[in-house]
Amino acid sequence: MSSWIEVGQIKDIPPLGARVVQTGQGDIAIFRNSQNEIFALRDKCPHKGGPLSQGIVSGKTVTCPLHNWKISLENGEAMGPDSGCSGVYAVKLEGEKIFLNLNK
Ligand code: FES
């Protein structure tokens, strides 16, 4: 059985923004950058739990809206002098459709 679940279409995600998907593992933010690449992270900043889905995407990072930590969209790690990690999930595009895998 496939573990990929369809979670909408790329047009549902604002460019340089995110959309939250509610799952049994908590809220997951699906991000879209200017290259139309997509990434999935737990919607919880590793600092104090800020909603990363409300941050601004730049390149392959998102800036937390609460205290401006920059988090890598590729591995969920805080960048620069900060440390901590927000869980990442596998996500893929098939045409316009977005699929999320909670097991990877
Ligand atoms: S909660 Fe994200 S930077 Fe503080």
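Reading guide: rules and limits
- Residues numbered from 1 in each chain as written.
- Predicted model: local features only at pLDDT ≥ 70, side-chain atom pairs only at ≥ 80, totals over all residues.
- Helix = DSSP H or I, 4+ residues; strand = E, 2+ residues; numbered from the N terminus.
- Rg over C-alpha atoms; globule rule 2.2 N^0.38 Å.
- Buried ≥ 20, exposed ≤ 12 C-beta atoms within 10 Å, placed from the backbone.
- Pairing = 2+ DSSP bridges.
- Axes fitted to C-alpha atoms, helices over the stretch in contact; angles between N-to-C directions.
- Core = buried A, V, L, I, M, F, W, Y, C linked by C-beta atoms within 7 Å.
- Contact = placed C-beta atoms within 7 Å.

Peer 1: Can you help me understand the overall build of the protein in this one?
Peer 2: For the protein, the count of helices and strands is zero helices and nine strands. Helices and strands in the protein line up, N terminus first, as β-β-β-β-β-β-β-β-β. Whereas a compact globule of 104 residues would reach a radius of gyration of roughly 13 Å, the protein reaches 13 Å, a difference of no more than 12%. Taken along its principal axes, the extent of the C-alpha atoms in the protein is 40 × 25 × 20 Å. Looking at the 104 residues of the protein, the share that counts as buried comes to 32%.

Peer 1: Where do I start with the sheet that holds strand E5 (residues 56-58) in this structure?
Peer 2: Two strands in a sheet stick together by hydrogen bonds in their backbones, pointing the same way (parallel) or opposite ways (antiparallel). Spatially, E5-E6-E7 is the arrangement adopted by the three strands of the open sheet, whose pairing is antiparallel. Among the strands making up the open sheet, the edge pair consists of E5 and strand E7 (70-72). Adjacent strand axes in the sheet meet at a mean angle of 30 degrees when their direction is disregarded. Bridge count between strand E6 (residues 61-63) and E7: three bridges; the pairing is antiparallel. Note that in E7 the partner of Thr-63 across the bridge is Lys-70.

Peer 1: How do you make sense of the nonpolar core when you look at a structure like this?
Peer 2: When a protein is soluble and globular, its nonpolar side chains tend to lie buried together. One finds Ile-30, Phe-31, Ala-40, Val-91 and Leu-100 to be the most contacted residues of the largest nonpolar core, which totals 24 residues. Mapped by element, the contributors of at least two residues to this core are strand E2 (18-23), strand E3 (26-32), strand E4 (38-42), strand E8 (88-94) and strand E9 (97-101). With residues near it in sequence (within four places) discarded, Phe-31 still touches Ala-18, Ile-38, Phe-39, Leu-41, Val-57, Val-62 and Leu-73.

Peer 1: Even after reading the chapter, I still don't get the pairing of E2, so can you show me in this structure?
Peer 2: A regular strand places its side chains so that they alternate between the two faces of the sheet. Pairing of E2 with E3, which is carried by six bridges, proceeds in the antiparallel orientation. The residue of E3 that forms the bridge with Thr-23 is Gly-26.

Peer 1: Would you take a moment to explain the sheet that holds E3 for this structure?
Peer 2: Spatially, six strands are ordered E1-E9-E8-E4-E3-E2 in an open sheet, and the strand pairing comes out antiparallel. The sheet is open, and its two borders are formed by strand E1 (4-9) and E2, each paired with just one other strand. When the angles between neighbouring strand axes are averaged without regard to direction, this sheet yields 30 degrees.

Peer 1: What is the right way to look at the environment of Glu-77 in this model?
Peer 2: Relative to the helices and strands, Glu-77 is located in the loop between E7 and E8. Taking the C-alpha atoms as reference points, Glu-77 and Pro-46, separated by 31 residues in sequence, lie 8.2 Å from one another. Every residue in contact with Glu-77, bar those within four places of it in the chain, is listed here: Ser-72 and Cys-85.

Peer 1: What exactly am I supposed to notice about the pairing of E4 here?
Peer 2: Summarising burial for E4: five of the five residues are buried, a large majority. The alternating pattern of E4 places Ile-38, Ala-40 and Arg-42 on one face and Phe-39 and Leu-41 on the opposite face, and all of these are buried. Taken together, E3 and the strand that follows it, E4, pair antiparallel across an intervening segment of five residues, in which Asn-36 is found at a positive phi of about 60 degrees. Two elements, E4 and E8, share two bridges in a ladder whose sense is antiparallel. Bridge pairing in E8 links Leu-41 to Val-88.

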